[in-house]
Amino acid sequence: MNVYDKAYELANAIRQLPEYKAFKEAYQKINENEQNKKMLEDFRKKQLEIQAKELSGEKVDPKEKEVLEKLWEILNLNPELSSYLSLEYTLGKIMDDILKIIMEPMEMK
């Protein structure tokens, strides 16, 4: 058994997932609409700024978190963005589950 062959099989299996196909389609729709693309980019930028502060131990102003929450609410009012974010979460969960399975042999108990 070649572990690299199995990795390629897994990659191909992921590409066949309905969740992956729907996510890819939603991603393309977002990128075709400049307004939606910009809104998502602005949200991601603000999200990363806050995460960077939190990871560095810097205190995050509650107003910054409030702005991020408002942006989240606005994005969720847009059906295309809301669908994209939902599919992103779903696919992320699948990938997290796969990573846990793959990393299991690395656990030294």
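This is a predicted model, so every value here is computed, not measured.

**Some details on helix α1 (residues 3-16)**
Between its first and last C-alpha, α1 extends 20 Å over 14 residues, near the 20 Å set by a 1.5 Å rise per residue. One side-chain oxygen at the N-terminal end of α1 lies 2.8 Å from the backbone nitrogen of Tyr4; it belongs to Asn2.

**Some words on the packing of α1 against helix α2 (residues 18-32)**
Put simply, α1 and α2 touch, their axes get as near as 5 Å, and they point 65 degrees apart. The angle between the axes of α1 and α2 places the two elements in the roughly perpendicular class. Seen from α1, the contacting residues are Ile14, Arg15 and Gln16; seen from α2, they are Pro18, Tyr20 and Lys21. The class makeup of the residues in the contact of α1 with α2 is 3 nonpolar, 1 polar and 2 charged.

**Looking at the nonpolar core**
The nonpolar side chains of soluble globular proteins are, as a tendency, buried together. By size, the foremost hydrophobic cluster in this structure holds 14 residues, and its most contacted members are Phe23, Ile30, Leu40, Leu75, Leu81, Tyr84 and Leu85. Broken down by element, this core gets its largest block of residues, 5 residues, from helix α5 (residues 79-103). Among all residues touching Tyr84, those that are not within four sequence positions of it are Phe23, Ala26, Tyr27, Ile30, Leu40 and Arg44.

**Considering the packing of aromatic side chains**
Each aromatic ring pair is summarised here by two numbers: the centre-to-centre distance and the angle between the ring planes. Applying the stated criterion across every chain yields a total of 3 aromatic pairs. Considering the side-chain rings of Tyr27 and Tyr84, the 6.3 Å spacing of their centres and the 35 degrees angle between planes classify their relative orientation as tilted. Of the two residues, Tyr27 is situated in helix α2 and Tyr84 in helix α5; the sequence distance between them amounts to 57 residues. Looking at Tyr27, the relative accessible area reads 43%, which means it is partly exposed. Judged by centre distance (5.7 Å) and plane angle (40 degrees), the ring pair of Phe43 and Trp72 falls under tilted.

**Regarding the pattern of salt bridges**
Scanning the model with the defined rule gives 9 salt bridges in all. Its salt-bridge partner being Lys6, residue Glu9 comes within 3.8 Å of it at the nearest N-O pair. Of this pair, Glu9 and Lys6 both sit in helix α1, 3 residues apart, which is roughly one turn of the helix. In this structure, the salt-bridge partner of Glu49 is Lys46, at a minimum N-O distance of 3.8 Å. Note that Glu49 and Lys46 are positioned in helix α3 (residues 34-55) at a spacing of 3 residues, about one turn of the helix. Under the relative-accessibility criterion, Glu49 is labelled partly exposed at 34%. Relative accessible area serves as the criterion here: at 17%, Lys46 is assigned to the buried category. Overlapping salt bridges bring together Lys46, Glu49, Lys53 and Glu64 as one network.

The rules behind these values
- Residues numbered from 1 in each chain as written.
- Predicted model: local features only at pLDDT ≥ 70, side-chain atom pairs only at ≥ 80, totals over all residues.
- Heavy atoms only, no water.
- Helix = DSSP H or I, 4+ residues; strand = E, 2+ residues; numbered from the N terminus.
- Expected span 1.5 Å × (residues − 1).
- Polar contact = N/O pair within 3.5 Å; in protein donor to acceptor, adjacent residues only side chain to side chain.
- Axes fitted to C-alpha atoms, helices over the stretch in contact; angles between N-to-C directions.
- Parallel < 35°, antiparallel > 145°, perpendicular 65-115°, else oblique.
- Contact = heavy atoms within 4.5 Å.
- Nonpolar A, V, L, I, M, F, W, Y, C, P; charged D, E, K, R; others polar.
- Core = buried A, V, L, I, M, F, W, Y, C linked by side-chain atoms within 4.5 Å.
- Buried < 20%, exposed > 50% of the residue type's maximum accessible area, 1.4 Å probe, protein only.
- Phe/Tyr/Trp six-rings, centres within 6.5 Å; stacked < 30°, edge-to-face > 60°.
- Salt bridge = Lys/Arg side-chain N within 4 Å of Asp/Glu carboxyl O.

Just distances and angles here, no functional claims.
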